Amino acid sequence: MIEQLLRQLKYVSSIVSEVDSDLANSIRVEGLKTVSSIYLPDKDMLMNLGFGDLDHVRKVWGDNVEEACRTIYEILGRLEEQVLATRDLARQEILELVAEGGLAGFRIYCHRAEISLFQSLFDVSLLSLSAENFITSKKQYLASDPFYSLFKIGPLRCFGWAKVPKVLISIPKYQVFRRIKLALVEDDEVVGQDPFNPDIDYRTDLFNRNVKTISDSSAPVESELYTDHIELEDILNFTPNHGISSEGDCLAVDLADQMSILLPAGSSHLVLKSTDGFKSVRETKTHEFGIGDYLIHMDMHIHGQSVVADKTEMTELWKAALDSMYRNQYQALIANCENAGIDLKNLDGALKSWRRPVSEGLHAPQSPVHFSLLIEKVLPVNTLKGHSWKEAWSEIRAYRAKAIQEGRLEHEAFRQQVQHTLQDHLEEIAACAAGSEQFAVDLEEPWGDGPLKFLKIKSINRGFVAPREKTGVLVHRSEVDLFRAEDA
């Protein structure tokens, strides 16, 4: 069933990627956790991504995606017992290794987002795993002193998902290396090869003897959707679609609720400081962030008056159709939006913004998903006179890129205005910070598409490289490792 689960998730992500590559990447990451983790894909996260309501999924993505999602949820339900058994085996292996070499000599190699998952396997009175018991990168491994044992879930791969640095094999700092892995996924044959002499393989019988292999003999779930043509290796060789843009050094800031954000190194951001008892909001550079501070995250409007779009032909067509429906068929417009899945909290406000004339800027949905639904499900047929929604979206993207390049978004002035306003609300903000790791403040000002989000900074990690459009975006913690530099 695990292989079927991976194929179904890959199918869903391949369909979604035609519209929203970020959403597609999130779906694939959830599925691939099965290969290298002791936990199943997060069903709640998949639902939060918009795939919980199957009727809604069918309306937005079609019958095949609905069938795939139905199969995915059935598989997740059936696999729970098998996963519980795997966790029991992991507990047993870990306790044996700690008994043999002591807790100080024990390490787990894993994704940094999985540290808390391994810690949750044990009652602290039985075994308390600290940060020192985990290795999450090549740099950390090479800097570590020798230790007794290393434990890992999953295969030894050089490429794609769950890849490990070759130094884990060629420069052993441990006496015992023990693993649990699925029989479904084999080790890469070249993972232990000497880089200068391929005839030398550092994998010895030691590695083979210390692998507990888990077979998946469960019968697949019956499904009318054919996905056997999807190769397992294509699924595992996961390379996210980042788009084409310049990249720069970044920090990954881990926040509350398993969220993270990539920020350019040296950039400035609004932060609620913890060092003075949450009595100030400051413009703070990334190297001045402190654990326990609150990062203030906001959505920003594009001030289109100061930028002239190069192309507006298709934008004028859909804006005219939207304006006509808003004035003459308002109830039908709202119903179409809701049925299509454009479920914004302030839908009327969004529609008013989108129908504004081209002379005031190319105001449009922020999400390509919502834009495609607006064109294909909400507005009259052939609104674009034979052109596709992707062609119309290219006008919006070009306009926004120009706005950024010309520096017309007025980021600094915007943040200064927000900072000044927040000073008058510090007492209530400090009360919120004292009782919650994340909260929102709605100042009833035109900050963007929602209230200001305050998120507690849990950790700060260096060694990431990401394109500009991927910075400043809140994502699940597991996703930022896709941008970790090779030598980090």
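Residues numbered from 1 in each chain as written. Predicted model: local features only at pLDDT ≥ 70, side-chain atom pairs only at ≥ 80, totals over all residues. Heavy atoms only, no water.

What to know about the pairing of strand β4 (residues 176–182)
So the rule is basically this: Between buried and exposed lies partly exposed: a residue is buried under 20% and exposed over 50% of the maximum accessible area for its type, with that area taken using a 1.4 Å probe on protein chains only. A run of H or I in DSSP counts as a helix once it spans at least four residues, and a run of E counts as a strand once it spans at least two, with each numbered from the N terminus. Any two strands between which DSSP finds at least two bridges are classified as paired.
In terms of burial, β4 is largely enclosed, as seven of its seven residues are buried. Direction of pairing for strand β3 (residues 149–153) relative to β4: parallel, over a ladder of five bridges. Counterpart to Lys152 in the pairing with β4 is Arg179.

As for the nonpolar core
Within soluble globular proteins, side chains that are nonpolar generally end up buried alongside one another. To keep things clear, this is the line we draw: Only buried residues count toward a nonpolar core. Its members are Ala, Val, Leu, Ile, Met, Phe, Trp, Tyr and Cys residues joined through side-chain atoms within 4.5 Å. Note on contacts: a residue pair qualifies if any of its non-hydrogen atoms lie within 4.5 Å across the two residues.
Membership of the largest hydrophobic core comes to 64 residues, with the highest contact counts inside it found for Val12, Phe51, Trp61, Trp318, Leu351 and Leu379. Per element, the largest residue contribution to this core is nine residues, and it comes from helix α5 (residues 63–101). When sequence neighbours within four positions are dropped, the list of residues in contact with Val12 reads Ile27, Phe51, Val65, Ala68, Cys69 and Ile72.

Re the packing of helix α11 (residues 313–328) against helix α13 (residues 347–354)
Our working rule: Working convention: axes come from line fits to C-alpha atoms, limited for helices to the stretch in contact. Angles between N-to-C directions cover 0 to 180 degrees. Convention used here: angles under 35 degrees read as roughly parallel, angles over 145 as roughly antiparallel, angles from 65 to 115 as roughly perpendicular, and any remaining angle as oblique. Take the far helix as the reference: if the near one is turned anticlockwise from it by less than a right angle, the crossing is left-handed, and if turned clockwise, right-handed.
Contact geometry for α11 and α13: axes closest at 9 Å, N-to-C directions at 135 degrees. Judged on the interaxial angle alone, α13 and α11 are oblique. Between α11 and α13 lies a crossing whose hand is left-handed. Along its contact with α11, which presents Trp318, Lys319, Leu322 and Tyr326, the element α13 presents Asp348, Leu351, Lys352, Ser353 and Trp354.

Observations concerning the confidence of the model for the chain
In plain terms, the rule: Scored from 0 to 100, pLDDT reflects the predictor's confidence in each residue.
When pLDDT is averaged along the chain, the result is 79, and 77% of the positions lie at 70 or above. Every residue in residues 239–246 scores below 50 in pLDDT, and together they form 16 contacts with partners more than four places removed in sequence or on other chains. Across residues 300–305 the pLDDT falls below 50, and counting only partners more than four positions away or on other chains, this stretch makes 20 contacts in the model.

Concerning the pattern of salt bridges
Here is the rule we go by: For this document, the term salt bridge refers to a Lys or Arg side-chain nitrogen within 4 Å of an Asp or Glu carboxyl oxygen.
For the structure shown, the criterion picks out 15 salt bridges. A salt bridge links Asp55 to Arg58, with the nearest nitrogen and oxygen atoms 3.0 Å apart. One end of the pair, Asp55, and the other, Arg58, are both in helix α4 (residues 54–61), three residues apart, so they sit about a helical turn from each other. Overall, Arg58 belongs to the partly exposed group, its relative accessible area being 31%. Notably, a salt bridge pairs Asp293 with Lys273, separated by 2.7 Å at the nearest N-O pair. Of this pair, Asp293 sits in the loop between β9 (281–285) and β10 (294–297) while Lys273 sits in the loop between β8 (268–272) and β9, placing them 20 residues apart in sequence. On the basis of relative accessible area, Lys273 is assigned to the buried category, the value being 7%. What you see here is one network of salt bridges that share partners, running through Asp55, Arg58, Glu66 and Arg70.

Looking at the packing of aromatic side chains
The test is simple: Only centres within 6.5 Å qualify two rings of Phe, Tyr or Trp (six-membered ring in Trp) as a pair; their planes then separate them into stacked at under 30 degrees, edge-to-face at over 60, and tilted for everything else.
For the structure on display, the rule yields nine aromatic pairs. Arranged with centres 5.5 Å apart and planes meeting at 80 degrees, the rings of Trp318 and Phe371 form a pair that is edge-to-face. Of this pair, Trp318 sits in helix α11 while Phe371 sits in helix α14 (residues 368–378), and the two are 53 residues apart along the sequence. We classify Phe371 as buried; its relative accessible area is 0%. Taking 4.8 Å as the distance between ring centres and 10 degrees as the angle between the ring planes, the aromatic pair formed by Phe439 and Phe454 counts as stacked. A residue pair is termed long-range when its members are at least 10 positions apart, and Phe439 in strand β11 (residues 438–441) and Phe454 in strand β12 (residues 452–467) qualify at 15 residues. For Phe439, a relative accessible area of 11% corresponds to the buried category. One aromatic cluster is present, formed by Phe278, Tyr294, Phe439 and Phe454 through successive ring pairs.

Quick look at the packing of helix α1 (residues 2–16) against α5
Any two packed helices are characterised by how steeply their axes cross, that is the angle between the axes, and by the distance between the axes. Quick reminder of the rule: Ten residue types, Ala, Val, Leu, Ile, Met, Phe, Trp, Tyr, Cys and Pro, are classed as nonpolar, four, Asp, Glu, Lys and Arg, as charged, and the remainder, Gly among them, as polar.
The interhelical angle for the contact between α1 and α5, taken along N-to-C directions, is 150 degrees, at an axis separation of 9 Å. The pairing of α1 with α5 is recorded here as roughly antiparallel in orientation. Read as a crossing pair, α1 and α5 show a hand that is left-handed. Note on element contacts: α5 touches α1 through Asn64, Val65, Ala68, Cys69, Thr71, Ile72, Ile75, Leu76, Leu79 and Gln82, opposite Ile2, Gln4, Leu5, Gln8, Leu9, Tyr11, Val12 and Ile15. Its residues placed into classes, the contact of α1 with α5 shows 13 nonpolar, five polar and no charged.

Digging into unusual backbone geometry
At Phe278, a position not held by glycine, the phi torsion is positive, near 60 degrees. By secondary structure assignment, the location of Phe278 is in the loop between β8 and β9. For Phe278, a relative accessible area of 16% translates into the label buried. A positive phi is found at Asn382, a non-glycine position, where the angle reads about 65 degrees. Within the secondary structure, Asn382 sits in the loop between α14 and α15 (389–405).

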